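# Understanding the architecture of this molecule
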Amino acid sequence: QVQLVEAGGGLVQSGGSLGLSCAASGRTFSGYAMGWFRQAPGKEGEFVAAISWSGGVTRDADSVKGRFTISRDNAKNTVYLQMNGLKPEDTAVYYCAADLRPPESWWRTIISNYWGQGTQVTVSS
């Protein structure tokens, strides 16, 4: 059974930092890009960041550039999202995803081969 399990969400004040992790299990994810989407209450889901299997290619949404950093450790089948300079508008449920599409195309559509269950990030003003 394929599972993507997120961890690290929570409540933080504006300007603070949080780190998310997503551990994948149940199959080999060799060749899969991994990344994050988010959905705020009453809003459509949006792409946040993605990273290639090798880690050599990353893409970030304009809204998080310079604040969020995505990375991965293939030995642990885990992808990370370090979020700094958090703003109230970053409040959302963050979903981990694994997909065969390259990171360069993740911003186009909210689809993925595999999804995590989501973790809540709340940024207070």
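Only a predicted model underlies this, so the values are computations on that prediction, with no experimental measurement involved.

### Brief notes about the pattern of salt bridges
Scanning the model with the defined rule gives four salt bridges in all. The shortest N-O distance in the salt bridge between Glu46 and Arg38 comes to 2.6 Å. For Glu46, a relative accessible area of 32% translates into the label partly exposed. For Arg38, a relative accessible area of 5% corresponds to the buried category. Measuring nitrogen to oxygen at the nearest pair gives 2.7 Å for the salt bridge that ties Asp90 to Arg67. Of this pair, Asp90 sits in the loop between β8 (78-83) and β9 (92-99) while Arg67 sits in the loop between β6 (58-60) and β7 (68-73), and the two are 23 residues apart along the sequence. Take Asp90 and Arg67: they sit in the same class, and that class is buried.

### Topic: the sheet that holds β8
The strand order β1-β3-β8-β7 describes an open sheet built from four strands, whose pairing is antiparallel. At either margin of the open sheet sits one strand with a lone partner, and together these are β1 (3-7) and β7. Pairwise comparison of adjacent strand axes, ignoring direction, gives a mean angle of 15° for this sheet. Direction of pairing for β7 relative to β8: antiparallel, over a ladder of six bridges. Counterpart to Thr69 in the pairing with β8 is Gln82.

### A look at the packing of aromatic side chains
Scanning the model with the defined rule gives six aromatic pairs in all. Ring geometry for Phe37 versus Trp115: centroids 5.3 Å apart, planes at 50°, classification tilted. Taken together, the residues Phe37 in strand β4 (residues 33-39) and Trp115 in strand β10 (residues 114-115) connect sequence positions 78 residues apart. Here Phe37 falls in the buried class, since its relative accessible area comes to 2%. Classification of Trp115 as partly exposed rests on a relative accessible area of 35%. Taken together, the aromatic side chains of Phe37, Phe47, Trp106 and Trp115 make up a single cluster linked through ring pairs. The ring of Phe29 has Arg27 sitting right over it, with the charged end atom 5.8 Å from the ring centre.

Rules used throughout
- Residues numbered from 1 in each chain as written.
- Predicted model: local features only at pLDDT ≥ 70, side-chain atom pairs only at ≥ 80, totals over all residues.
- Heavy atoms only, no water.
- Salt bridge = Lys/Arg side-chain N within 4 Å of Asp/Glu carboxyl O.
- Buried < 20%, exposed > 50% of the residue type's maximum accessible area, 1.4 Å probe, protein only.
- Helix = DSSP H or I, 4+ residues; strand = E, 2+ residues; numbered from the N terminus.
- Pairing = 2+ DSSP bridges.
- Axes fitted to C-alpha atoms, helices over the stretch in contact; angles between N-to-C directions.
- Phe/Tyr/Trp six-rings, centres within 6.5 Å; stacked < 30°, edge-to-face > 60°.
- Lys NZ or Arg CZ within 6 Å of the ring centre and 35° of its normal.

Read these as spatial facts, not as claims about activity.
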